[in-house]
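# Descriptive analysis of the structure
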Amino acid sequence: LGVRVTGRGASAARQLVELASENTKGPVTAVTTIDGALIAAVGATIKVMAADWTNAKLVTKALAHAPTFVTSLSSFKNYIVIGDLQRSVCFARYVRAHEAVEMIAHDPTTKDSLAVGAVFGQSKVAGLVTFDSRDNVQVFTVEPRVAPNGTDVLKRPLRALGHFKLSGTVRSAMPLRQPANGRLGLRETSGEVYVTAEGEIGVVAPISEKAVRACRWLASRLATEVPQPCGLHPVACRQGSMTAATGLHGNTLIDGDLLALYMHLSADERRAIATRAGMSAERARSILVALQGECDWF
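The rules we used
- Residues numbered from 1 in each chain as written.
- Predicted model: local features only at pLDDT ≥ 70, side-chain atom pairs only at ≥ 80, totals over all residues.
- Heavy atoms only, no water.
- Helix = DSSP H or I, 4+ residues; strand = E, 2+ residues; numbered from the N terminus.
- Buried < 20%, exposed > 50% of the residue type's maximum accessible area, 1.4 Å probe, protein only.
- Contact = heavy atoms within 4.5 Å.
- Areas by Shrake-Rupley, 256 points an atom, 1.4 Å probe, with all protein chains shown as cover.
- Phe/Tyr/Trp six-rings, centres within 6.5 Å; stacked < 30°, edge-to-face > 60°.
- Pairing = 2+ DSSP bridges.
- Axes fitted to C-alpha atoms, helices over the stretch in contact; angles between N-to-C directions.
- Polar contact = N/O pair within 3.5 Å; in protein donor to acceptor, adjacent residues only side chain to side chain.
- Salt bridge = Lys/Arg side-chain N within 4 Å of Asp/Glu carboxyl O.

## Considering the overall build of the protein chain
Counting its secondary structure elements, the protein chain contains five helices and 20 strands. Burial status across the protein chain gives 41% buried among its 298 residues. Of the contacts made within the protein chain by residues no fewer than 6 positions apart, 51% connect residues no fewer than 24 positions apart. Of the roughly 16300 Å² of accessible surface on the protein chain, a fraction of 54% belongs to carbon and sulfur atoms.

See the structure below:
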């Protein structure tokens with residue numbers, strides 16, 4: 001679709017017009033764009049389409065197939081994140097030169113995926129994000145391995161990084177990206193904004209590995225030594241209902257709401273918490289200030 005503008009100034013009229021279309025012969029369950037192409041999911045079929053402006057048509061350039069039924073799509077650069085109704089999440093890439101979609105990795109566990117996305121920081125992809133119907137958010141990482149011929153990518157399972165229990169079921173998610181800034185020496189970064197059916201709005205944002213280590217120690221002390229709302233232990237409430245089949249060892253997701261409690265404590269309480277976490281109060285504060293700087297644009 002496009003907008004046609006007729007007239008000028010205050011008298012200008014705007015009309016929504018159809019520029020190109022395609023009969024998919026089935027319900028379109030998810031759409032996204034990549035490298036100037038439109039990607040649409042029709043059931044388990046994923047179509048990469050380009051616009052033929054002369055004939056006002058969408059021409060299918062490549063096809064791929066999901067395990068069961070595509071519920072959501074997300075893309076960045078030339079990569080596609082695919083959410084499936086029963087088979088969790090898949091990771092693929094679009095090769096324009098060959099007009100093909102190559103499956104790179106997948107999650108072997110059986111669970112649904114209502115929304116998907118990707119989070120990446122200053123240097124590399126931090127993880128693929130998936131939200132399921134049990135109010136869980138889970139993050140996976142993938143390290144594509146190239147075949148001996150140097151071109152083909154070997155398909156492999158995704159590795160779970162962590163999971164988190166939200167306050168409600170996520171209905172939609174969208175990327176929130178910061179473009180690269182050469183003057184400041186910043187590369188492109190991306191987080192994932194989500195909205196739940198219960199009215200919660202949040203973001204899964206990337207932070208540096210150094211900050212993760214320090215914040216994990218700090219969060220562990222805040223969880224046990226600071227009174228929590230309604231007396232609920234934050235670790236137990238945010239544990240998530242993931243099964244042992246995820247193969248998860250440890251959890252790299254940090255509860256931002258829990259860390260925010262530190263700055264509201266008195267000076268003596270902050271000093272005591274930081275000491276038990278193995279750092280000084282000044283270092284704990286500097287870490288949280290730096291973390292806030294990393295996530296401010298979200």
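That covers the picture; the talk isn't over yet.
## Here we look at the packing of aromatic side chains
According to the stated counting rule, one finds four aromatic pairs in the structure shown. Ring geometry for F76 and Y79: centres 5.6 Å apart, planes at 35°, overall tilted. Assessed through its relative accessible area of 4%, F76 is described here as buried. Judged by its relative accessible area of 23%, Y79 falls in the partly exposed class. On the basis of an interplanar angle of 45° and a centroid distance of 5.6 Å, the ring pair of F131 and Y194 is categorised as tilted. Here F131, found in strand β12 (residues 125-131), pairs with Y194, found in strand β19 (residues 189-196); they are 63 residues apart in sequence, far enough to count as distant.

## Regarding the environment of P108
As for its position among the elements, P108 is in the loop between β10 (100-106) and β11 (115-120). When its relative accessible area of 41% is taken as the criterion, P108 is described as partly exposed.

## Remarks on the sheet that holds strand β6 (residues 57-65)
Spatially, four strands are ordered β3-β4-β5-β6 in an open sheet, and the strand pairing comes out antiparallel. The sheet terminates laterally at β3 (28-34) and β6, the two strands that pair on one side only. Averaged over all pairs of adjacent strands, the angle between strand axes in this sheet comes to 25°, irrespective of strand direction. As judged from the six bridges shared by β3 and strand β4 (residues 37-42), these two strands associate in the antiparallel manner. Its bridge partner lying in β4, T32 is registered against I39.

## Some words on the sheet that holds β10
A sheet is described by the order of its strands in space; here five strands give the open sequence β7-β8-β9-β10-β16, paired in mixed fashion. What marks the edges here is a single partner per strand, and that holds for β7 (70-76) and β16 (156-157). In terms of strand pairing, β10 meets β16 through two bridges, oriented parallel. Paired with H106 across the strands is P157, a residue of β16.

## Re the side chain of Q138
Looking at where Q138 falls in the secondary structure, it is placed in strand β13 (residues 136-141). In this structure the side chain of Q138 is engaged in a polar contact, spanning 3.3 Å, whose partner is the side chain of K111.

## Notes on the pattern of salt bridges
This model, assessed by the stated rule, comprises six salt bridges. Note that K111 is salt-bridged to D107, the shortest N-O span being 2.6 Å. Each member of the pair, K111 as well as D107, is classed as buried. Residue E225 is joined to R276 by a salt bridge in which the shortest nitrogen-to-oxygen separation is 2.9 Å. Highlighted residues: E225 in helix α1 (residues 209-225) and R276 in helix α4 (residues 267-276), separated in sequence by 51 residues. Judged by relative accessible area, which is 29%, E225 ranks as partly exposed. Judged by relative accessible area, R276 falls into the partly exposed class, the value being 48%. Through salt bridges with shared partners, one network takes in R221, E225 and R276.

## Here we look at the environment of L265
Following the sequence through the fold, L265 ends up in the loop between α3 (256-260) and α4. For L265, a relative accessible area of 13% puts it in the buried group. Separated by 39 residues in sequence, L265 and V226 have C-alpha atoms that sit 9.0 Å apart. The contacts of L265, once residues within four sequence positions are left out, are L222, V226, R270 and I273.

## A look at the pairing of β6
The side chains of a regular strand alternate between the sheet's two faces. Relative to β6, strand β5 (residues 45-52) runs antiparallel, the two being bridged by eight bridges. Looking across to β6, one finds that T45 is bridged to H65. Counted between consecutive antiparallel strands, the loop separating β5 from β6 contains four residues, among which A56 sits at a positive phi close to 55°.

What is shown is where atoms sit, not what they do.
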